[in-house]
Amino acid sequence: MIIGVLKEIHQGERRVAMAPSVVKQCLKKGHTILMEVGAGVVANFTDGQYEDSGAEIVESAEEIWKKANIILKIRPPEEDQETGVHEADLLQKDSCIICLLNPGRNTELLKRLAKTGGTAIAVDAIPRISRAQSMDVLSSMANISGYRAVTEAAHHFGRLFTGQITAAGKIPPAKVLVIGAGVAGLSAAGSAQSLGAIVRAFDTRSAVREEVQSMGAEFLSLDFKEDGAGGGGYAKTMSKEFIAAEMELFAAQSKEVNIIITTAAIPGKKSPVLITKEMVESMIPGSVIVDLAAEGGGNCEMTKPGETTVYKKVTIIGLTDLPSRLPTQASQLFSNNTAKLIQHLNHDGELKLDFDDEITSAITVVHDGNIVWDPEKQNKVQAKPVKLAEPETVPAKPTVLPETTKKNWSLLKMIGWFLAFTLTALIGFGGSSEFISHITVFVMACFVGYLLIWNVSPSLHTPLMSVTNAISGIIVIGGMIHLSGEQILLPAIAVLISTINIVGGFMVTHRMLEMFRK
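Conventions adopted
- Residues numbered from 1 in each chain as written.
- Predicted model: local features only at pLDDT ≥ 70, side-chain atom pairs only at ≥ 80, totals over all residues.
- Heavy atoms only, no water.
- Helix = DSSP H or I, 4+ residues; strand = E, 2+ residues; numbered from the N terminus.
- Buried < 20%, exposed > 50% of the residue type's maximum accessible area, 1.4 Å probe, protein only.
- Contact = heavy atoms within 4.5 Å.
- Areas by Shrake-Rupley, 256 points an atom, 1.4 Å probe, with all protein chains shown as cover.
- Arc of directions from axis to C-beta.
- Phe/Tyr/Trp six-rings, centres within 6.5 Å; stacked < 30°, edge-to-face > 60°.
- Patch = residues over 30% accessible without salt bridge, like charges linked within 9 Å, V, L, I, M, F, W, Y side chains within 5 Å.
- Salt bridge = Lys/Arg side-chain N within 4 Å of Asp/Glu carboxyl O.
- Pairing = 2+ DSSP bridges.
- Axes fitted to C-alpha atoms, helices over the stretch in contact; angles between N-to-C directions.
- Parallel < 35°, antiparallel > 145°, perpendicular 65-115°, else oblique.
- Left-handed = near helix turned anticlockwise from the far one by under 90°.
- Nonpolar A, V, L, I, M, F, W, Y, C, P; charged D, E, K, R; others polar.
- Core = buried A, V, L, I, M, F, W, Y, C linked by side-chain atoms within 4.5 Å.

Participant: Would you mind going over the overall build of the protein with me for this structure?
Facilitator: Check the secondary structure of the protein and you find 16 helices and 19 strands. Classification of the 518 residues of the protein by burial places 40% in the buried group. Look at the contacts in the protein between residues 6 or more apart in sequence, and 66% of them connect residues 24 or more apart. Only carbon and sulfur atoms are counted for the fraction: they give 59% of the accessible area of the protein, which is about 29300 Å².

Next comes the structure, spelled out in structure tokens:
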């Protein structure tokens with residue numbers, strides 16, 4: 001297939017739909033790549049880099065629209081201010097355009113694309129399922145947005161994020177509240193925490209608690225049994241009672257935190273207002289709000305989409321081009337996702353749409369002169385756990401021990417404690433001092449071992465490898481001391497087994513550490 005990559009004409013857009021490294025991948029698959037001249041210059045990719053990668057540089061966008069089977073863009077088609085020609089009108093009948101289309105809000109654009117008879121695929125409609133993770137452009141861009149949100153906040157914030165104690169005085173750490181623990185929220189939480197801030201995060205989905213805590217942030221929760229997990233990986237609309245309690249929480253947090261980052265965007269709908277005017281007025285002077293949902297109207301009542309404003313000494317950042325402010329990395333991730341998508345749609349060198357496939361049917365918005373996009377597919381296409389049918393039987397009642405059995409267990413426990421006490425007394429009166437010292441060490445070792453190993457969750461046993469190495473080291477020392485005595489066999493066996501345990505522990509620990517090294 002012939003893949004054409006256009007230069008973005010949207011004002012301020014710095015990304016490009018294909019990076020030079022991805023050009024090589026596509027060429028290996030048998031595709032031909034046409035690049036508009038200067039398409040990647042603003043993203044720090046020169047035409048020379050594309051030529052070295054094997055792409056063909058084309059002088060005009062019109063030529064690409066005519067020759068290419070697949071057109072790649074970042075932004076939705078729009079009117080070129082220089083030529084007055086709308087990009088949607090250039091789509092050929094046997095061609096396909098792949099880009100961010102935002103089909104829920106661009107109904108007129110979809111109608112315009114349908115008139116051409118071509119095919120339009122919205123990469124921002126890819127379902128949140130396991131098979132589509134490598135094609136999920138929204139997650140890739142949200143990851144960059146979350147990181148950039150923290151850097152934008154740090155730029156406008158008049159203090160350090162981390163706390164310090166110096167000769168000049170004490171500096172308290174900044175407090176950051178992240179509303180929404182999706183991809184962007186988790187990225188923001190991790191970035192803010194790495195800068196030394198105290199990070200708190202809230203989400204209506206209780207399932208993300210552990211993810212938030214893994215980023216080093218505190219998860220804020222409400223005393224409600226209602227859960228906000230919705231379809232397609234997004235949060236659902238909550239009840240009025242939950243929303244009221246949620247707003248009370250935000251109002252209280254607004255008075256304490258220095259930075260608020262909101263991420264509650266709903267595809268195809270207006271973003272919910274979570275930070276009211278009164279909350280902004282209650283914030284500490286010099287505070288910052290970064291509204292990642294500004295493109296949908298904003299989560300803050302005072303947000304102006306596309307602008308950075310100051311209200312009552314609180315800076316409100318409503319930028320809608322955060323991924324574009326890291327163009328090189330964003331272009332690389334975007335092109336990786338789209339390359340995987342093209343490979344998914346490629347069948348024997350041709351673009352074939354299988355509408356029985358849940359991914360293809362969800363992202364195809366225009367085809368063969370018709371608008372085929374259904375917004376309900378966004379909620380229907382998701383990974384669901386399989387629930388087995390329950391047999392029609394009477395549920396078993398909890399087993400209740402009869403009174404005689406309970407009495408027998410109590411009697412056995414009393415006998416056991418009595419025997420243990422008797423054995424301890426006999427050892428104390430009849431044993432030698434050396435034997436008593438040995439048995440004391442043995443009992444204490446068992447007690448310490450129980451507290452260190454057996455009383456720990458099985459999921460944490462592997463990190464305790466260093467502790468077991470330390471215990472084995474003590475056994476080795478004890479065995480070596482006893483080797484100088486009369487007994488040789490048992491101390492030698494103890495030293496051998498402990499040495500094997502220590503060597504194996506270091507090997508396993510080394511392999512674990514290698515997993516986290518770049």
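Participant: What is the right way to look at helix α1 (residues 20-28) in this model?
Facilitator: Every α-helix winds through 3.6 residues per turn, so residues three or four apart in the chain are directed the same way. Of all the residues in α1, the buried ones are Pro20, Val22, Val23 and Cys26. For α1, the buried positions fall inside an angular range of 150 degrees around the axis, keeping them on one side. On its buried face, α1 is in contact with β1 (2-5), β2 (32-36), α2 (47-53) and α10 (327-345).

Participant: Can you help me understand the packing of aromatic side chains in this one?
Facilitator: How two aromatic rings sit relative to each other is set out by the distance from centre to centre and by the angle between their planes. The final tally for this structure, using the stated rule, is three aromatic pairs. Measuring from ring centre to ring centre gives 6.4 Å for phenylalanine 45 and tyrosine 50, while their planes differ by 75 degrees; the resulting arrangement is edge-to-face. Ring geometry for phenylalanine 202 against phenylalanine 250: centres 5.4 Å apart, planes inclined by 85 degrees, an arrangement best described as edge-to-face. Taken as a pair, phenylalanine 202 in strand β10 (residues 198-202) and phenylalanine 250 in helix α8 (residues 240-254) lie far apart in primary sequence, 48 residues in all.

Participant: Honestly, a nonpolar patch on the surface in this entry has me stumped. Any pointers?
Facilitator: Residues Leu489, Leu490, Ile493, Leu496, Ile497 and Ile500 make up a contiguous nonpolar surface patch of about 640 Å² in total accessible area. Inspection of the secondary structure puts leucine 496 in helix α16 (residues 489-515).

Participant: Just checking my understanding: could you explain the sheet that holds β2 for this structure?
Facilitator: Two strands in a sheet stick together by hydrogen bonds in their backbones, pointing the same way (parallel) or opposite ways (antiparallel). With mixed pairing, eight strands are arranged side by side in an open sheet as β3-β2-β1-β4-β5-β6-β18-β19. Looking along the sheet, the strands with just one partner apiece sit at the ends: β3 (56-58) and β19 (370-371). Strand direction decides the pairing type here: β1 and β2, joined by four bridges, are parallel. Bridge pairing links valine 5 to methionine 35 in β2.

Participant: Help me understand the packing of helix α5 (residues 137-156) against α10, please; the structure alone is not making it clear to me.
Facilitator: Relative placement of two packed helices is described by the angle separating their axes and the distance separating the axes. At a closest axis distance of 9 Å, the pairing of α5 and α10 adopts a crossing angle of 165 degrees. When the axis of α5 is compared with that of α10, the two are roughly antiparallel. Two packed elements cross with a definite hand, and for α5 against α10 that hand is right-handed. Along its contact with α5, which presents Val137, Ser140, Met141 and Ile144, the element α10 presents Gln329, Ala330, Leu333, Phe334 and Asn337. In the contact of α5 with α10, the residues fall into six nonpolar, three polar and no charged.

Participant: Looking at this model, I keep getting lost on the packing of α1 against α10. Mind explaining?
Facilitator: Direction vectors running N to C along α1 and α10 enclose 15 degrees, while the axes themselves pass 9 Å from each other. For the element pair α1 / α10, the angle class is roughly parallel. For the element pair α1 and α10, the recorded crossing hand is right-handed. Residue-level contacts link Ser21, Val22, Gln25 and Cys26 of α1 to Gln332, Ser335, Asn336 and Ala339 of α10. Residues of the contact of α1 with α10, tallied by class, amount to three nonpolar, five polar and no charged.

Participant: I'm lost on the nonpolar core in this one. Help?
Facilitator: For soluble globular proteins, the rule of thumb is that nonpolar side chains tend to be buried together. Judged by nonpolar contacts, the single largest core of 41 residues is most densely connected at Met18, Leu72 and Ile98. Taken together, the elements giving at least two residues each to this core come down to β1, α1, β2, β4 (70-72), β5 (96-99), α5, α10 and α11 (358-363). In contact with methionine 18, other than residues within four places in its own chain, are Ile3, Val5, Val23, Cys26, Ile33, Met35, Tyr50, Leu72 and Ser335. With 27 residues, the next largest nonpolar core counts Ala153, Val178, Leu186 and Val208 among its residues.

Participant: Before we go on, may I ask you to explain the sheet that holds strand β12 (residues 259-262) in this structure?
Facilitator: In space, the seven strands of this open sheet follow the order β11-β10-β9-β12-β13-β15-β14, with mixed pairing throughout. Of all strands in the sheet, those bounded by a partner on one side alone are β11 (218-220) and β14 (308-311). Pairwise comparison of adjacent strand axes, ignoring direction, gives a mean angle of 20 degrees for this sheet. Where strand β13 (residues 288-291) meets strand β15 (residues 314-317), three bridges bridge the pair, whose relative direction is parallel. By the bridge assignment for β15, valine 288 is matched with threonine 315.

Participant: I tried to follow the environment of isoleucine 2 on my own but got confused; where do I start?
Facilitator: Along the chain, the position of isoleucine 2 falls in strand β1. Through-space distance from the C-alpha of isoleucine 2 to that of isoleucine 33 is 6.0 Å; in sequence the pair is 31 residues apart. Not counting chain neighbours up to four residues away, the residues in contact with isoleucine 2 comprise Thr32, Leu34, Lys67, Ala68, Asn69 and Ile70.

Participant: Honestly, helix α4 (residues 107-116) in this entry has me stumped. Any pointers?
Facilitator: The complete set of buried residues in α4 reads Leu109, Leu110, Leu113, Ala114 and Thr116. Axial view of α4: buried residues confined to an arc of 150 degrees, hence all on one face. Set apart from the buried face of α4 by more than 90 degrees, the exposed residues are Glu108 and Lys115. Those residues of α4 hidden inside the fold are in contact with β6 (119-122), β18 (364-367) and β19. Looking one or two places after α4, you find glycine 117, whose phi comes out positive at around 85 degrees.

Participant: I would appreciate a short explanation of the side chain of asparagine 337 in the present structure.
Facilitator: Take asparagine 337: it is sitting in helix α10. For asparagine 337, a relative accessible area of 5% corresponds to the buried category. Excluding its chain neighbours within four sequence positions, the residues that come into contact with asparagine 337 are Ser134, Met135, Asp136, Val137 and Ser140.

Any functional reading would require information that these geometric values do not contain.
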